[in-house]
Amino acid sequence: QMRLAESGGGLVQAGDSLRLSCAASGGPFSNYAMGWFRQAPGKEREFVAAITWSGQTTRYADSVKGRFTISRDNAKNTVYLQMNSLKPEDTAVYYCAAQRSFTVVAISTGRADYWGQGTQVTVSS
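Quantities reported herein were computed from a predicted structural model and do not represent experimental measurements.

Right, let's get into the overall build of the chain. Across its full length, the chain holds 0 helices and 11 strands. Each helix and strand of the chain, ordered N terminal to C terminal, gives the series β-β-β-β-β-β-β-β-β-β-β. The C-alpha atoms of the chain give 13 Å as radius of gyration, which agrees with the globular expectation for 125 residues (14 Å, within 12%). Each of the three principal axes of the chain carries a C-alpha extent, and together these read 40 × 25 × 25 Å. Here the chain holds 125 residues, and 45% of them are scored as buried. Look at the contacts in the chain between residues 6 or more apart in sequence, and 60% of them connect residues 24 or more apart. Surface accessibility of the chain: about 6,200 Å² in total, with carbon and sulfur atoms responsible for 45%. Side-chain charges in the chain split into 13 positive and 9 negative, and the spacing between the mean points of these groups amounts to 6 Å.

See the structure below:
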């Protein structure tokens, strides 16, 4: 049973940067594709970014391309989401997810084996 714990959220101003971390425990981290999702108040959860077990392949939602970067450190069992040029519309609870797969195809559609509890990101204008 893998457990995922997000951290790094907070309140920032538009244009600022944040780095989210997701620490995994209880599973073979390197066997999992990892993803970040977000859910804003009154909206459905949406895909943000995903990365393969090796880190060689990444995928992003159009709304964050060029601003967000997903990365992972398999030695630390941690996946990161570097968020730059934040906008008020990025305000949401951000969730980390893991899917036992060698590709990002499934996790990019929201199919995941494990989910974290989420971390709040609030961007003020």
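The next subject is the pairing of strand 5 (residues 46-51). Across the 6 residues of strand 5, 5 count as buried, placing the element largely inside the fold. Across 5 bridges, strand 4 (residues 32-39) lies against strand 5 in antiparallel orientation. For F37, the partnering residue across the bridge sits in strand 5 and is F47. Judged from the 3 bridges that link them, strand 5 and strand 6 (residues 58-60) form a sheet pairing that is antiparallel. Of the residues in strand 6, the one forming a bridge with I51 is T58.

With that out of the way, let us pick up the environment of S7. Looking at the element boundaries, S7 is found in strand 1 (residues 3-7). A relative accessible area of 38% means that S7 is categorised as partly exposed. Once the C-alpha coordinates of S7 and N74 are considered, the two residues, 67 residues apart in sequence, prove to be 17 Å apart. Excluding residues within four positions of it along the chain, S7 makes contact with R19, L20, S21 and T119.

Right, let's get into the state of the cysteines. Counted under the stated rule, the structure contains 1 disulfide. The disulfide partner of C22 is C96, and the gap between their sulfur atoms is 2.1 Å. Across the S-S bond linking C22 and C96, the dihedral sits near -80°, which makes this disulfide left-handed. Of this pair, C22 sits in strand 3 (residues 18-25) while C96 sits in strand 9 (residues 92-100), and the two are 74 residues apart along the sequence. There is no split in this pair, since C22 and C96 are both buried.

Residue placement: T119 occurs in strand 11 (residues 119-124). A relative accessible area of 11% means that T119 is categorised as buried. Within the structure, the side chain of T119 is placed 3.2 Å from the backbone nitrogen of G9, a separation counted as a polar contact. If sequence neighbours within four positions are ignored, T119 has contacts with E6, S7, G8, G9, L20, A92, V93 and Y94.

A few words now on the environment of Y32. Note that Y32 resides in strand 4. Judged by relative accessible area, Y32 falls into the buried class, the value being 5%. Not counting residues up to four positions away in its chain, the partners in contact with Y32 are M2, W53, R72, A98, Q99, R100, S101, D113 and Y114.

Rules of the game
Residues numbered from 1 in each chain as written. Predicted model: local features only at pLDDT ≥ 70, side-chain atom pairs only at ≥ 80, totals over all residues. Heavy atoms only, no water. Helix = DSSP H or I, 4+ residues; strand = E, 2+ residues; numbered from the N terminus. Rg over C-alpha atoms; globule rule 2.2 N^0.38 Å. Buried < 20%, exposed > 50% of the residue type's maximum accessible area, 1.4 Å probe, protein only. Contact = heavy atoms within 4.5 Å. Areas by Shrake-Rupley, 256 points an atom, 1.4 Å probe, with all protein chains shown as cover. Lys, Arg positive; Asp, Glu negative; His and termini not counted. Charge placed at Lys NZ, Arg CZ, Asp CG, Glu CD. Pairing = 2+ DSSP bridges. Disulfide = S-S within 2.5 Å. Polar contact = N/O pair within 3.5 Å; in protein donor to acceptor, adjacent residues only side chain to side chain.

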